Amino acid sequence: MIKFSKKTNLLSLHTKNTSYIMQVFKNQHLLHIYWGKSMVLTERNNYLPLDERVNMVNSDPADKSYYLEDLPFEYSFWGKGDFRNPSLTAVDGNGAVISNFIYESHTISNGKPEIPGLPSTFAEEADDAETLEIKLIHKKSGVSIYLLYTVFPSFDVITRNVKIENRGSSPVMINKIMAVTVDFAPGEYELLTLPGAWGRERWIERQSVHHGVVSIGSSRGISSHQFNPFLALLSSGTGENSGEVYGFNLVYSGNFLAETEKNQDDRVRINIGINPSTFSWVLAPGEVFNAPEAVLVYSDKGLNGMSGIYHKFYVKRLSRSVYASKERPVLVNNWEATYFSFNEKSLLDIAHKSKDFGIELFVLDDGWFGQRNSDYTSLGDWVVNKDKLPDGIEGLSGKIRSMGMKFGLWFEPEMISPDSSLFRSHPDWALQLLDSPPAEGRNQLVLDLSRGEVVDEIIRMLKQILGTNAVDYVKWDMNRSLTDIYSSTLPPGRQGELSHRYVLGLYRIMDEITSAFPDILFEGCAAGGGRFDPGILYYMPQYWTSDNTDAVSRLKIQYGTSLVYPQIFIGSHVSAVPNHQLGRSTGIEMRSHTAMMGNFGYELDFAKLDDKEVDIVRNQVSFYKTHRKLIQFGRFYRLLSPFEGEKASWMIVSEDKSEFVLFYYQILSEANMSRSSVKLIGLDEKFFYEETGSEHVYSGSELMYRGYFLSGFNADFQSFVIHFSKTKNS
Ligand code: DGJ
């Protein structure tokens, strides 16, 4: 999988279908030669044509034959003639730029090392994963950079991460450190990103790559609703099922940068890593800094090809939870049914009705602690409100569990309300600048997780509550961006470390709590999908995708999210109409059919449903549970994009292709609509498939090449979800 040729100085990484090749070049520069479909290079002298160029700088005055700005690098440094945005910027104790790192050595080992303090994907023995560690050195300063590449041959995935070590005698200031740089060959490319906002997370956006830099990222302290830490470079014209795709996804939950740069020679550079505009780090002699990892996926089978690789890899090798591959319960959450106004009786009413529908997990959301009757108060005071719950959490949980349901509880552990006992006793625990009162988001402040004692207190509090109450599930919320980035405990020269230290503190809490309570199912949330990233998904195997529960909005949100993240991670609930976020009314079928694509649940007052709707809910829960394993863990394919018209469709196929579920949605309808069909994918063309509940049988080839014909759509917001299975004689 990983090979080094002494003759050519080529280092090549191979997965089942891809190759990634670099070369130790003149003056020990480490160059990027190729990434793409599996390829073999014959041994020859020169893999990069070197021509004399005009008006370029020679970094080595003794050798006029090459120019750094003309070359593709594995990791790049500003200051010696490569003028593109670099991978690393750092200065030594004199303030001089440390540049010109060169290859010194490499090692190849089995498996994959963990990254201290950071979440990362992992290898199992059967994976035959190998890790290449390349050491680059800067002789004068004593600083070394280690580039790590892990190859997962059967998953077709390569992960990369970087660490930097100071063996010199004076501190070094790091101002930028990317997880990955890839310099692509000159060509025409498109850039795909997942921008959004609260309630509109992870929409798909594509643009041609022009000269100059396009950067996306976050400076909000969280990966954000606004951009996911993901981008893909596409060959021009790539679609869902054809074309070349290069995906980059950062395993990180804080400020990030992902940038695309096309230079004068049409060469395209991708950088992804911690956002340098909100980051600096002092690396003292003897210290090592680890940057987060990025997961790289190449597919020549279009976006569906890339998604299939990410989905499988993330379920199996990102999520650490014991639930990673286990079927998840259908849940009911009281938030949109009650908001802050509930008592034990109203909660038990919801639970009783839910139980009757076959729902398996009851989740108590915000409002159970302190004086939390609105979002103005009590974050930090994690003591049950006995006016609402006289028998405490234990009492409520006991009653729910005795009904045969599981019990879940909401927390927002990173926050503190100005109106809270915690703030009154520890005002300095909130992030705040010294010159002005801290800015409030949702009337709350953020705890300073760079401080060990704050992190310890959150861990203590969570362990105490989770250790003394019967809790099966936790929803971990986080409802505002970080501002007032100042910590009273960090020295002036280290304030630039705070945003990253916050993330490290958060990961320490998540690590301790999820390890201490492995049987609790954790769901991440940040005002909906504001921190839906692989860093959190490493600890928590599902995520509340968006606060927007409208069925039509969710089509785009879930379609976009599915580009990278498997459907089992995508929390999706049926809510009431008119929808609380945007006032639209859709039928209970459409709402359920949309929510059923992922990790299914309800979030409404069942007492307001009429008899017909009650029957529908009962049937839907039963349908979902019958096909749950397939829906939650099957191979997901996008068929029709809600970004391109008034239809959306996707399907989920079992691994052996013996069954599948087809989802179809008509958004707005038209008078006298023409008949159309949707072409399925991923089936066995030799199989015959029967539509469950009808006698219709189709061949796999017919469904894939001619399509499944749609009829009967004559109104807005109509949909179906149909299960098909292979006939006995096919
Ligand atoms: C934001 C979440 O996204 C909602 O689901 C809900 O938990 C509220 N916070 C509670 O405050």
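Residues numbered from 1 in each chain as written. Predicted model: local features only at pLDDT ≥ 70, side-chain atom pairs only at ≥ 80, totals over all residues. Heavy atoms only, no water.

Before going further, it helps to spend a moment on the sheet that holds strand 32 (residues 647-653). The six strands lie next to each other as 31-32-33-38-35-36, forming an open sheet whose pairing is antiparallel. If you trace the sheet from one side to the other, it starts and ends with strand 31 (635-640) and strand 36 (697-699), each paired once. The sheet shows a mean angle of 25° between the axes of neighbouring strands, taken without regard to direction. Both strand 35 (residues 688-691) and strand 38 (residues 718-726) contribute to a ladder of three bridges, which runs antiparallel. Counted as the bridge partner of Tyr689 is Lys726 from strand 38. Sitting on the sheet, helix 10 (residues 588-595) is in contact with strand 33 (659-666) and strand 38, with an inclination near 50° to strand 38. (Pairing = 2+ DSSP bridges. Helix = DSSP H or I, 4+ residues; strand = E, 2+ residues; numbered from the N terminus. Axes fitted to C-alpha atoms, helices over the stretch in contact; angles between N-to-C directions. Contact = heavy atoms within 4.5 Å.)

So, on to the pairing of strand 15 (residues 245-250). Across the six residues of strand 15, six count as buried, placing the element largely inside the fold. Side chains Val245, Gly247 and Asn249 project from strand 15 onto one buried face, and the interleaved Tyr246, Phe248 and Leu250 project onto a second face that is buried too. Bridge analysis of strand 14 (residues 227-235) against strand 15 gives five bridges, and the strand direction is antiparallel. Along strand 15, the bridge assignment pairs Leu231 with Phe248. Bridge count between strand 15 and strand 20 (residues 294-299): six bridges; the pairing is antiparallel. Its bridge partner being in strand 20, Gly247 is matched across the sheet by Val297. (Buried < 20%, exposed > 50% of the residue type's maximum accessible area, 1.4 Å probe, protein only.)

Another aspect to go through is the layout of surface pockets. To find the voids left in a structure, one rolls a probe of water-molecule size over its atoms. By volume, the largest pocket is sized at about 1300 Å³. Going through the elements one at a time, strand 20, helix 1 (302-317), helix 12 (628-633) and strand 31 are the ones with two or more residues in the lining of the largest pocket. Class assignment of the residues belonging to the lining of the largest pocket gives a composition of 11 nonpolar, 17 polar and 13 charged. (1 Å grid on protein atoms, 1.4 Å probe; cavity = no way out; pocket = protein on both sides within 12 Å on 5 of 7 lines; lining within 4 Å. Points joined across faces, edges and corners; volume = space filled by probe spheres on them. Nonpolar A, V, L, I, M, F, W, Y, C, P; charged D, E, K, R; others polar.)

This part is about empty space enclosed by the protein. According to the stated counting rule, one finds three cavities of 30 Å³ or more in the structure shown. Size it by volume and the largest cavity reaches roughly 70 Å³. Along the walls of the largest cavity sit His29, Leu68, Phe73, Tyr75, Ser76, Phe77, Lys80, Asp82, Ser99, Asn100 and Phe101, which together make up its complete lining. Residue composition of the lining of the largest cavity, by class: five nonpolar, four polar and two charged. Put simply, the second largest cavity is a space of about 50 Å³. The wall of the second largest cavity is formed by Thr549, Ala551, Arg554, Gln558, Ser572, His573, Val574, Arg591, Thr594 and Ala595. Contributions of two or more residues to the lining of the second largest cavity are made by helix 9 (551-561), strand 29 (570-575) and helix 10. By residue class, the composition of the lining of the second largest cavity is three nonpolar, five polar and two charged.

Among the secondary structure elements, Thr150 is positioned in strand 8 (residues 143-152). Exposure remark for Thr150: the relative accessible area of 3% places this residue in the buried category. When the C-alpha atoms of Thr150 and Pro113 are compared, they prove to be 9.0 Å apart, with 37 residues separating the residues in sequence. At 2.8 Å, the side chain of Thr150 and the side chain of Thr131 are in polar contact. (Polar contact = N/O pair within 3.5 Å; in protein donor to acceptor, adjacent residues only side chain to side chain.)

Looking now at the pairing of strand 10 (residues 172-184). Summarising burial for strand 10: 11 of the 13 residues are buried, a large majority. Where strand 5 (residues 88-91) and strand 10 come together, four bridges link them in antiparallel fashion. Opposite Thr89, over in strand 10, you have Lys176 as the bridge partner. Both strand 10 and strand 17 (residues 268-274) contribute to a ladder of six bridges, which runs antiparallel.

In an α-helix, one turn spans 3.6 residues, which is why side chains three or four residues apart end up on the same side. Most of helix 10 is tucked away: seven of the eight residues are buried. All of the buried residues in helix 10 are Ile588, Met590, Arg591, Ser592, His593, Thr594 and Ala595. The elements touched by buried residues of helix 10 are helix 9, strand 29, strand 30 (599-603), helix 11 (611-626), strand 33 and strand 38.

Together, Val57, Trp78, Phe83 and Val97 give the surface a local cluster of nonpolar side chains, amounting to about 390 Å² of exposed area. Residue position: Phe83 is located in the loop between strand 4 (30-37) and strand 5. (Patch = residues over 30% accessible without salt bridge, like charges linked within 9 Å, V, L, I, M, F, W, Y side chains within 5 Å. Areas by Shrake-Rupley, 256 points an atom, 1.4 Å probe, with all protein chains shown as cover. Salt bridge = Lys/Arg side-chain N within 4 Å of Asp/Glu carboxyl O.)

This part is about the pattern of salt bridges. Evaluation of the coordinates by the stated rule reveals 48 salt bridges. With a shortest N-O distance of 2.9 Å, Arg84 and Asp82 are connected by a salt bridge. An identical accessibility class is assigned to Arg84 and Asp82; each is buried. Salt bridges here are not isolated pairs; linked through shared partners, they connect Asp82, Arg84, Asp183 and Arg269.

Attention now moves to the nonpolar core. Counting residues in hydrophobic clusters, the biggest one holds 191 residues, and the most contacted among them are Phe248, Leu364, Trp368 and Tyr602. Setting aside anything within four residues of it in sequence, one finds Tyr602 in contact with Val330, Leu331, Val332, Asn333, Ile359, His573, Val574, Val617, Gln620 and Val621. Met651, Leu662, Leu710 and Phe724 belong to the second largest nonpolar core, which has 22 residues in total. (Core = buried A, V, L, I, M, F, W, Y, C linked by side-chain atoms within 4.5 Å.)

Across the sheet, four strands lie side by side as 1-2-3-4; this open sheet has antiparallel pairing. If you trace the sheet from one side to the other, it starts and ends with strand 1 (2-5) and strand 4, each paired once. Adjacent strand axes in the sheet meet at a mean angle of 15°, parallel and antiparallel pairs treated alike.

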